[in-house]
Amino acid sequence: MTDDANSMWGGRFAAGPDAIMEAINASIGFDQRLAAQDIEGSRAHAAMLAATGILSDSDAKAIREGLLTVLSEIESGSFQFSTALEDIHMNVEARLKDLIGEPAGRLHTGRSRNDQVATDFRLWVRGQCDAAISGIRALQKALVGQAEAGADWVMPGFTHLQTAQPVTWGHHMMAYVEMLGRDASRFEDARNRMNESPLGAAALAGTSFPIDREMTAKALGFDRPMANSLDAVADRDFALEFLSASAICAMHLSRFAEELVIWSSAQFRFVAMSDRFSTGSSIMPQKKNPDAAELVRAKIGRILGATVGLFTVMKGLPLTYSKDMQEDKEQVFDAADSLMLALAAMEGMVRDMSANPEALRSAASSGFSTATDLADWLVREAGLPFRDAHHVTGRLVAMAEDAGIDLPDLTLDQMKSAHDAITDDVFTVLGVDNSVASRTSYGGTAPEQVRAQIARWKEALT
């Protein structure tokens, strides 16, 4: 393979770039990840050139077969990438010329590196949307499994990380299933919008050759060709949308990872993390650290950073292509890798973790978690306005706190001292099991509602 960059640039420049220019200009160190997409796009382009009579059948055949040889060399690790050849496109084309000679030079008819890289990158990001959706679905299934196992296990629901009302373990798990469902839909929406082909837009204005853009779009699995050649080479919305969806998904993973870190602590003991996703301490033999959860919690930093980085690259660029846009790929590659690793790690943690129903129930029973049930009873059964019921309940909470007991442990006489309309029936709503069972509104924490949502998602995820 030649290392002479001028042979690719043509006759415009008399001298090659110096080492610094070569270093800042080259992208082959990272865009070689687009090799499969680049060759797929070139094979589709060659077939179209032959079908439209722009290229002879024999040249098109030589090109397509030569490209498969190049792909085989890349996949086997024998391909020698050259920084002097700048990018994946020139590296592939130069090697193709070594293999088949003159016909390789006809491959670039009717296209530019501008529409070529836009096509390659769009194909790659589209594949990453599919991978992200698959990873999300696997994690959702793991969460549904946990929810089904503990649909009626009572645990504290929190606001401000303070005990608020009793909920069920299943309800808590299903909350993340819902969040992840929206994450998957964001990737699906992004995929639908990005599924248009830039190929054939050429440098920016289209081409005078009688190409068939519908043919190449169909061959590459796109719904249609992009309708504006300027937009086709200038657009990186698809990458920004992928990064935005990734950042939201990573934020959800980070929130759950934070809960796993808290829940697995000695102070909570809500869950036990498996040894596969924990580490020990170099000095404290009793430690079992939730390192995988902590690392998932941190991934949002890299992914959000990539999102802001690409927005910053694109924000001031006039149409159409500027070399700034070479900075679009590394951060997208890194974000995609980080997201897929975080999804896989979270799925493993969820499948392996063991909940502690006794610790969950004990915590649910503390902190006067059924105070709202008492206030609701006063409204429903005693006819008090809610604000008055809130005040009466507050007095009873203070009374129980002074006595060092929970609300259900107060006597009827003690309760009646706060309001004489209280009857023995109040005790039917004060236990944590009674509390969760009463929350039967759609989407509520009652086990019957949780099981209905589990059934809905099990069907959706099959």
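Residues numbered from 1 in each chain as written. Predicted model: local features only at pLDDT ≥ 70, side-chain atom pairs only at ≥ 80, totals over all residues. Heavy atoms only, no water.

S.K.: Now, about the overall build of the chain: what can you tell me, with residues and values included?
M.R.: If you tally the helices and strands in the chain, you get 20 helices and six strands. Rg of the C-alpha trace for the chain: 31 Å, well past the compact-globule value of 23 Å for 462 residues, more than 25% over. With respect to the principal axes defined by its C-alpha atoms, the chain has extents near 100 × 55 × 40 Å. By residue count, 49% of the 462 residues in the chain fall in the buried class. Counted over contacts in the chain with a minimum sequence separation of 6, partners at least 24 positions apart contribute 74%. On the chain, roughly 21100 Å² of surface is accessible, and the fraction owed to carbon and sulfur atoms is 52%. Averaging the positions of the 43 positive and the 63 negative side-chain charges in the chain gives two centres separated by 2 Å. (Helix = DSSP H or I, 4+ residues; strand = E, 2+ residues; numbered from the N terminus. Rg over C-alpha atoms; globule rule 2.2 N^0.38 Å. Buried < 20%, exposed > 50% of the residue type's maximum accessible area, 1.4 Å probe, protein only. Contact = heavy atoms within 4.5 Å. Areas by Shrake-Rupley, 256 points an atom, 1.4 Å probe, with all protein chains shown as cover. Lys, Arg positive; Asp, Glu negative; His and termini not counted. Charge placed at Lys NZ, Arg CZ, Asp CG, Glu CD.)

S.K.: I'd like a description of the nonpolar core, backed by residues and values.
M.R.: Phe187, Leu253, Phe256, Trp263 and Met346 are the most contacted members of the largest nonpolar core, which totals 99 residues. The element contributing the most residues to this core is helix α11 (residues 237-263), with 16 residues. Not counting residues up to four positions away in its chain, the partners in contact with Trp263 are Met155, Trp169, His172, Met173, Phe256, Phe268, Arg269, Phe270 and Val271. (Core = buried A, V, L, I, M, F, W, Y, C linked by side-chain atoms within 4.5 Å.)

S.K.: Could you give an account of the pattern of salt bridges, naming the residues involved and the relevant values?
M.R.: The final tally for this structure, using the stated rule, is 26 salt bridges. Across the salt bridge formed by Arg106 and Glu102, the nearest N and O atoms sit 3.4 Å from each other. Across the salt bridge formed by Glu196 and Arg224, the nearest N and O atoms sit 3.1 Å from each other. With Glu196 in strand β3 (residues 196-197) and Arg224 in strand β4 (residues 224-225), this residue pair connects regions lying 28 residues apart in the sequence. One network of salt bridges, in which partners are shared, links Asp59, Glu102 and Arg106. (Salt bridge = Lys/Arg side-chain N within 4 Å of Asp/Glu carboxyl O.)

S.K.: Go over the packing of aromatic side chains with me, naming the residues and quoting the values.
M.R.: Here the structure, examined in full by the defined rule, presents 12 aromatic pairs. With centroids separated by 5.8 Å and ring planes inclined at 55°, the aromatic side chains of Phe187 and Phe242 adopt a geometry described as tilted. Taken together, the positions of Phe187 in helix α8 (residues 169-194) and Phe242 in helix α11 put the pair 55 residues apart, joining distant regions of the chain. Using a relative accessible area of 0% as the deciding quantity, one classes Phe187 as buried. Its relative accessible area of 1% is what places Phe242 among the buried residues. Ring plane angle 50° and centroid distance 6.2 Å describe the contact between Trp263 and Phe270, whose orientation is recorded as tilted. The same class applies to Trp263 as to Phe270, namely buried. By the ring-pair criterion, three or more aromatic residues cluster together here, those being Trp153, Phe158, Trp169, Tyr176, Phe256, Trp263, Phe268 and Phe270. In this structure, Arg126 packs its charged tip against the face of Phe222, placed 4.9 Å from the ring centre. Lying across the ring of Phe121, Lys329 places its NZ or CZ 5.5 Å from the centre. (Phe/Tyr/Trp six-rings, centres within 6.5 Å; stacked < 30°, edge-to-face > 60°. Lys NZ or Arg CZ within 6 Å of the ring centre and 35° of its normal.)

S.K.: Tell me what's going on with unusual backbone geometry, and back it up with residues and numbers.
M.R.: A cis amide bond, omega 10°, links Leu319 with the succeeding residue Thr320. Even without glycine at this site, Ala202 takes up a positive phi of about 60°. Relative to the helices and strands, Ala202 is located in the loop between β3 and α9 (213-219).

S.K.: Residues and numbers for the side chain of Asp38, please.
M.R.: The topology assignment puts Asp38 in helix α4 (residues 35-51). Arg111 provides the closest opposite charge to the buried, salt-bridge-free Asp38, at an N-O distance of 5.8 Å. Polar contacts involving the side chain of Asp38 include one to the side chain of His89, which spans 2.7 Å. Other than its neighbours up to four places away in sequence, Asp38 contacts Ile88, His89, Val92, Gln116 and Asp120. (Polar contact = N/O pair within 3.5 Å; in protein donor to acceptor, adjacent residues only side chain to side chain.)

S.K.: Describe the side chain of His252, and please don't skip the residues or the numbers.
M.R.: Here His252 is to be found in helix α11. On the basis of relative accessible area, His252 is assigned to the buried category, the value being 8%. The contact partners of His252, leaving out residues within four places of it in the chain, are Tyr176, Met179, Asp183 and Arg186.

S.K.: Break down a nonpolar patch on the surface for me, with residues and values.
M.R.: The grouping of Leu204, Leu230 and Leu319 at the surface amounts to a nonpolar patch, some 270 Å² of accessible area in total. Mapped onto the elements, Leu204 comes out in the loop between β3 and α9. (Patch = residues over 30% accessible without salt bridge, like charges linked within 9 Å, V, L, I, M, F, W, Y side chains within 5 Å.)

S.K.: So what's going on with helix α5 (residues 57-76)? Which residues, and what values?
M.R.: Across its 20 residues, α5 extends 29 Å between first and last C-alpha, which sits within 8% of the 28 Å expected from 1.5 Å per residue. For α5, the full list of buried residues reads Asp59, Ala60, Ile63, Gly66, Leu67, Val70, Leu71, Glu73 and Ile74. All buried residues of α5 project into a common sector of 160° when viewed along the axis, lining one side. Those residues of α5 that are exposed and aimed more than 90 degrees away from the buried face are Asp57, Ser58, Glu75 and Ser76. Against α4 and α6 (88-100) lie the buried residues of α5. (Expected span 1.5 Å × (residues − 1). Arc of directions from axis to C-beta.)

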